[in-house]
Amino acid sequence: MVSFKRLIALASVVTGVLSQSVAYTDSGINFQGIFETTHGIQYGFVFPPTTATGATAQEFIGEIIVPVVNQWVGLAFGGQMADNLLMVAWPNANNIVFSPRYATGYIQPTPYAGPTVTTLESSVNSTYWKWIFRCQNCTTWDGGSMDTNGGPVFAWVIGLSPVFTPSSPASDFNEHDDFGFWGEITADAHDPNYASYLNIGSSTTTSKSSTTTSKSSTTTSKSSTTTTTTTTTTTSSTKTTTSTTSTTTTPLTSPTPYDYIIIGGGPGGLVSADRLSAAGKKVLLVERGGPSTGETGGTDVPPWANGTSLTRFDIPGEFQAMFSGNTYWFCKDVNSFAGCLVGGGSSINGGLYWYPTDADYSAANGWPTSWTNNFNTYTALLKNRLPSTDNPSPDGIRYLEQTYPVMQSILNPMGYQAGTINNNPNFKDHVYGYSAYNFQEGKRWGPVATYFRTAKTRPNFSYAYWTYATSIARNGSLITGVQTNNTALGPNGFIPLTPKGRVILSAGSFGSPRILFQSGIGPLDQIQLVAANPTAAPFLPPQSQWLTTLPVGYNVQDNPSINLMFTHPSIDAYDNWAPILDDPRPADAAQYLKSQTGVFAGSSPKVNFWQALGGPDGKTRYMQGTVRPGFDSVTTAYPYNASQVFSITVYLSTGVTSRGRIGISSSQLGASILTNPWFTDPNDKATLVNGLQQIINSAKNVPQLTLITPDNTTTLQDYVDNYPPTSLNSNHWVGANSIGKVVDSNLLVNGTSNLFIVDASVIPSLATGNPQGLVMAVAEQGIANILALAGGP
């Protein structure tokens, strides 16, 4: 429960690269602050005139405006956690609960009795919560103080999980999910009108008294202006004042209707946005997360790349750092990995990029003949926009490729052939080669640097970050718009369609089913959970319009995967990728910064291979292997050299017969795996064990190659039988809205007239390789079909 622990004493060494505060005005107050773009939060401060003396000189007014996805916010007025005044705040129903805190170490900070904090204005609605407060006796504290006439370093933290006791200012809470620093130019924050600002909410600090006022405020955030009429009831006590608000929010102008509203900025959504806007349609893309790469507005630059626009999402070698430490880019209300940022999973995965095969579109895998007969045309469009490479460093040199000759020694005796795998996509039996990526120019490319790049130059295309779509508004089969948390786009967050407009769900294998459930589409048990949620229930259509026959969330597949761990003296495990974010090998970092070449121009996968395997049931299933230096989890009785470890992740792909289910687990509406999709058919497990054993048998003949996981203390069968289910997850989810079951051959949701789905959830069966390429090819073909349909805008 250490909440601010990463706010170590960094401020003194990073001051030169900090964001600096700027002046802005809100609620009639002239603040000095920052808009923190990663989480969409505004922080602001104003101080008394420099002539102030005594107690008045020891106070300030602060403001935070926070998207509701952020459950709590913390501020450190000394730029670090230990021995500094901290302030924590969170919404509880219509109230803002706040607490000054202090800690002498990196432990749960406890309430601090020195300051007197008074709420001057607050509001909570479905989009944002806002708090303007007066903080008296807040510029000095035990062991420290802030420079009120200079440029001190302030720090922020955010938490994406609720505090333990929301009604209590003394509540404990989990460690923060993200943090950052900025330079607060207090020298520019003094205002001669300070005294008048204290009356904006007519709040008092008189014990057992309360004051009710009515007022209007204008909030400017994220380049959008929203007028909020707030009735505020202020309850006062000796040291704190809280507010209860009832808020109605409307935009200053009428909402803009769109021909197409696309929900989700992942691979499917970005391809859709580009193709539809290129066709002249008025398109809005809404993404629930924020920017990723530098060109999307991302600013999450690794410390070793400070001074550049190269974010962690731009740099391929940072892939392994996506799964440890602060992982704010993962959707926190999904119990699997799901990317909540522009680019979706394509901005945080390893970049493996395989062109679709004939089998991927076969009738045997559930595709209509109209797709199987035409997919090559659309795959060619994808290849032209985004060619693959198996040699990602622009200098033409392969780096960190010691696993390749080792794998040759394992696979050649098994009858495998080496090749450039994407040159012959259909050759997926006993073939191996260097890993193919979507990288170009030494950077992560994918749909962001191709489809999104061209779409955002068009005047008929708009996009909005931090916009969470909760449901689709419909009148029977007709969709009329999208309900979101973004009140700047429409009244109460509602975004309308033009008279012939259409909605495209591209929220992914977890997000799209959840939106359907919240729109009254899907199995009855899921819609009933929505109906039990007091926030979501009012947006459901009448029960007579629920579409409960569609198997939304069923038929789900994901590759079952097992890791084999080896050591070999030729391998460089690359420090298991552990220090690549904060402290990579200096020569490699310098080379990449100079020319975007070297180790960091590629990600950790280095070799891939495939083999067709016969199962006990007579069915053919394909085995894929991905090889990389480093390791995940080593369980061994052997002593081993960690610098020589490499892993082979072995997947089962096309031909898998196991299926699972995705849904929402409770009335809180978090997306969940209801039924695990791995090894529900024992023939899948038996087939994968056979493939693993073949690799192990061949590896025994390679000199100095040692299998350390599983080691000789357990059998392979026991290793697989006891493999943790969460570790089986490859995060290649397909099938939740399968074509032919939930959507028709044009990706139209059955039972609706203008709601489509374009993402991995419509793919009816697992692809032969990692599905990113298939998802984008499906989007190319799906959008062509949608544009060709009569009756559209």
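Calculation rules
- Residues numbered from 1 in each chain as written.
- Predicted model: local features only at pLDDT ≥ 70, side-chain atom pairs only at ≥ 80, totals over all residues.
- Heavy atoms only, no water.
- Helix = DSSP H or I, 4+ residues; strand = E, 2+ residues; numbered from the N terminus.
- Rg over C-alpha atoms; globule rule 2.2 N^0.38 Å.
- Buried < 20%, exposed > 50% of the residue type's maximum accessible area, 1.4 Å probe, protein only.
- Contact = heavy atoms within 4.5 Å.
- Areas by Shrake-Rupley, 256 points an atom, 1.4 Å probe, with all protein chains shown as cover.
- Lys, Arg positive; Asp, Glu negative; His and termini not counted.
- Charge placed at Lys NZ, Arg CZ, Asp CG, Glu CD.
- Arc of directions from axis to C-beta.
- Disulfide = S-S within 2.5 Å.

Participant: Explanation requested: the overall build of the protein chain in the structure shown.
Facilitator: Across its full length, the protein chain carries 14 helices and 34 strands. In terms of C-alpha radius of gyration, the protein chain reaches 28 Å, essentially the compact-globule figure of 28 Å for 793 residues. When its C-alpha atoms are laid out on the principal axes, the protein chain stretches across 85 × 60 × 45 Å. In the protein chain, which comprises 793 residues, the share counted as buried stands at 59%. Across the protein chain, contacts joining residues at least 24 apart in sequence account for 71% of those joining residues at least 6 apart. If you sum the accessible surface of the protein chain, you get close to 27,800 Å²; carbon and sulfur atoms cover 51% of it. Computed over 39 positive and 47 negative side-chain charges, the inter-centroid distance for the protein chain is 7 Å.

Participant: For this particular structure, what's the right way to read helix α9 (residues 524-531)?
Facilitator: Quick reminder: α-helices carry 3.6 residues per turn. Residues three or four places apart thus point the same way. Every buried residue belonging to α9 is among Gln526, Ile527 and Val530, and all of these are buried. For α9, the angular spread of the buried residues around the axis is 95 degrees, confining them to a single face. Along its buried surface, α9 packs onto α8 (508-517), β31 (661-664) and β32 (671-675).

Participant: Just to check I follow, could you spell out unusual backbone geometry for this structure?
Facilitator: Only a minority of non-glycine residues have a phi that is not negative, and only a minority of peptide bonds are not trans. Residue Pro710 is bonded to the preceding Thr709 through a cis peptide linkage, with omega at 0 degrees. With respect to the element layout, Pro710 can be found in the loop between β33 (706-709) and α12 (716-721). One non-glycine residue, Gln596, adopts positive backbone phi at about 55 degrees. For Gln596, the position within the fold is in the loop between α10 (586-595) and β28 (607-614). The phi angle at Gln704 is positive, at roughly 70 degrees, despite the residue not being glycine.

Participant: Looking at this structure, I do not really get the state of the cysteines. What am I missing?
Facilitator: Here, the word disulfide means a covalent bond between the sulfur atoms of two cysteines. Using the criterion set out here, one finds 2 disulfides in the structure. With its sulfur 1.9 Å from that of its partner, Cys135 forms a disulfide with Cys138. An S-S torsion of about -75 degrees defines the bridge between Cys135 and Cys138 as left-handed. For Cys135, a relative accessible area of 0% gives the class buried. On the accessibility criterion, Cys138 (0% relative accessible area) is buried. Along the protein chain, the cysteines engaged in disulfide bonds are linked according to the scheme 1-2, 3-4 when indexed in sequence order.

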